[in-house]
Amino acid sequence: MTIPRQLPNAITVARIPLAVIFFVLLLFGGTYGLPEPGLRWAAAIIFIVGISTDWVDGYLARKYDIVSDFGKLWDPIADKMLTGAGFIGLAILGEVSWWIVAIILIREWGITIHRLMVASEHVVAAAWMGKIKTAFQGVALGWALLPLHVLIGLDAWTLITFILMVIVLVLTVASGIDYIVAQARGSRQKQA
């Protein structure tokens, strides 16, 4: 079976408008899905589907040997747009602390800006630690977005959400440090 060479990139690019739609639905759904639980559920489902495509496009690109520099550059950017919309939306709604979101976004967009700055020299693909971080961000945000507090109670849901966000914060900072160390090592090797 063959697939169109641009399919993985098209899936990546589709996450960008999906992030906008998700963000609008999340905000209109309101805090904890009140007053519009249907919109909150829709936002959560769109996010989960969108973040799941990160695995799909990477899998297709590797399986059919159609990995591209475009995909290496834009895949993490599309992920950051989707997860960033989730973090910012939850902070606006008061469900996640702004200080957590600020640290995460500074790391995420700092690395992205660096990737864009060096893109003309070489494309920096996501490292294994960054992939783990993104996967965990997806799980934590998926949990936080689903209005499951109606099933387990608001206190339990809030505690689990906070714990997941702290784990995400630690992984995000650790993967940022890993990225900086790897880039510094690469720079030194080039100069040698």
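Model, not experiment: these values are computed from the prediction.

(A) Structural view of the pattern of salt bridges. Under the defined criterion, the tally for this structure stands at eight salt bridges. For Arg15, the salt bridge goes to Asp57, with nearest N and O atoms at 2.9 Å. You can see Arg15 sitting in helix α1 (residues 7–29) and its partner Asp57 sitting in helix α2 (residues 37–63), a full 42 residues away along the chain. Accessibility expressed as a relative area gives 1% for Arg15, which makes it buried.

(B) Just the environment of Val139, in detail. Mapping Val139 onto the fold places it in helix α5 (residues 128–145). In this structure, the C-alpha to C-alpha distance between Val139 and Val168, residues 29 residues apart in sequence, is 9.5 Å.

(C) Seen up close, the environment of Met165. Assignment of secondary structure puts Met165 in helix α7 (residues 154–191). Overall, the relative accessible area of 1% leaves Met165 in the buried class. In this structure, the C-alpha to C-alpha distance between Met165 and Ala140, residues 25 residues apart in sequence, is 6.6 Å.

(D) Here's a closer look at the confidence of the model for the protein chain. On average, residues of the protein chain carry a pLDDT of 90, and 97% of them reach 70 or more. Averaged pLDDT values for the elements of the protein chain fall to 90 in α7 and rise to 94 in α1.

(E) The packing of α5 against α7, seen in detail. Interaxial distance between α5 and α7 falls to 9 Å at its minimum, and their mutual angle equals 160°. If you check the angle between α5 and α7, you find them roughly antiparallel. As for how α5 packs across α7, the hand of that crossing is left-handed. Here Met129, Gly130, Lys133, Phe136, Gln137, Ala140, Leu141, Trp143 and Ala144 of α5 lie close against α7, whose contacting residues are Trp157, Ile160, Thr161, Leu164, Met165, Ile167, Val168, Leu171, Thr172, Ala174, Ser175 and Asp178. Of the residues contributing to the contact of α5 with α7, the split by class is 14 nonpolar, five polar and two charged.

(F) Quick look at unusual backbone geometry. Going from Leu34 to Pro35, the amide bond is cis rather than trans, its omega being 10°. Mapped onto the secondary structure, Pro35 falls in the loop between α1 and α2. In this model, Tyr32 sits at a positive phi of 55°, which is unusual for a non-glycine residue. Relative to the helices and strands, Tyr32 is located in the loop between α1 and α2. A positive phi is found at Asp65, a non-glycine position, where the angle reads about 50°. The topology assignment puts Asp65 in the loop between α2 and α3 (69–92).

(G) Structural view of α1. Between its first and last C-alpha atoms α1 spans 32 Å; for 23 residues at 1.5 Å apiece the expected length is 33 Å, and the two agree. Along its length, α1 reaches its greatest deviation from straightness, about 30°, at Pro17. Among the residues of α1, Pro8, Asn9, Ile11, Thr12, Arg15, Ala19, Phe22, Leu25, Leu26 and Gly29 are the ones counted as buried. In this fold, the buried residues of α1 make contact with α2, α3 and α5. Immediately beyond the C-terminal end of α1, within one or two residues, lies Gly30, with a positive phi of roughly 85°.

(H) Up close: the packing of aromatic side chains. In the structure shown here, the tally under the stated rule is four aromatic pairs. Judged by centre distance (5.5 Å) and plane angle (80°), the ring pair of Tyr32 and Trp157 falls under edge-to-face. Linking Tyr32 in the loop between α1 and α2 with Trp157 in helix α7, this pair joins segments that are 125 residues apart in sequence. Overall, Tyr32 belongs to the partly exposed group, its relative accessible area being 23%. Exposure remark for Trp157: the relative accessible area of 2% places this residue in the buried category. Taking the centre distance of 5.1 Å and the plane angle of 15° together, the rings of Trp55 and Tyr59 count as stacked. Here Trp55 and its partner Tyr59 are both found in helix α2, four residues apart, which amounts to about one turn of the helix. Among the residues examined, Trp55 registers a relative accessible area of 57% and is labelled exposed. Here Tyr59 falls in the partly exposed class, since its relative accessible area comes to 34%.

Definitions and cut-offs
Residues numbered from 1 in each chain as written. Predicted model: local features only at pLDDT ≥ 70, side-chain atom pairs only at ≥ 80, totals over all residues. Heavy atoms only, no water. Salt bridge = Lys/Arg side-chain N within 4 Å of Asp/Glu carboxyl O. Helix = DSSP H or I, 4+ residues; strand = E, 2+ residues; numbered from the N terminus. Buried < 20%, exposed > 50% of the residue type's maximum accessible area, 1.4 Å probe, protein only. pLDDT = per-residue confidence, 0-100. Axes fitted to C-alpha atoms, helices over the stretch in contact; angles between N-to-C directions. Parallel < 35°, antiparallel > 145°, perpendicular 65-115°, else oblique. Left-handed = near helix turned anticlockwise from the far one by under 90°. Contact = heavy atoms within 4.5 Å. Nonpolar A, V, L, I, M, F, W, Y, C, P; charged D, E, K, R; others polar. Expected span 1.5 Å × (residues − 1). Bend = angle between axes of the 7 residues up to and from the residue. Phe/Tyr/Trp six-rings, centres within 6.5 Å; stacked < 30°, edge-to-face > 60°.

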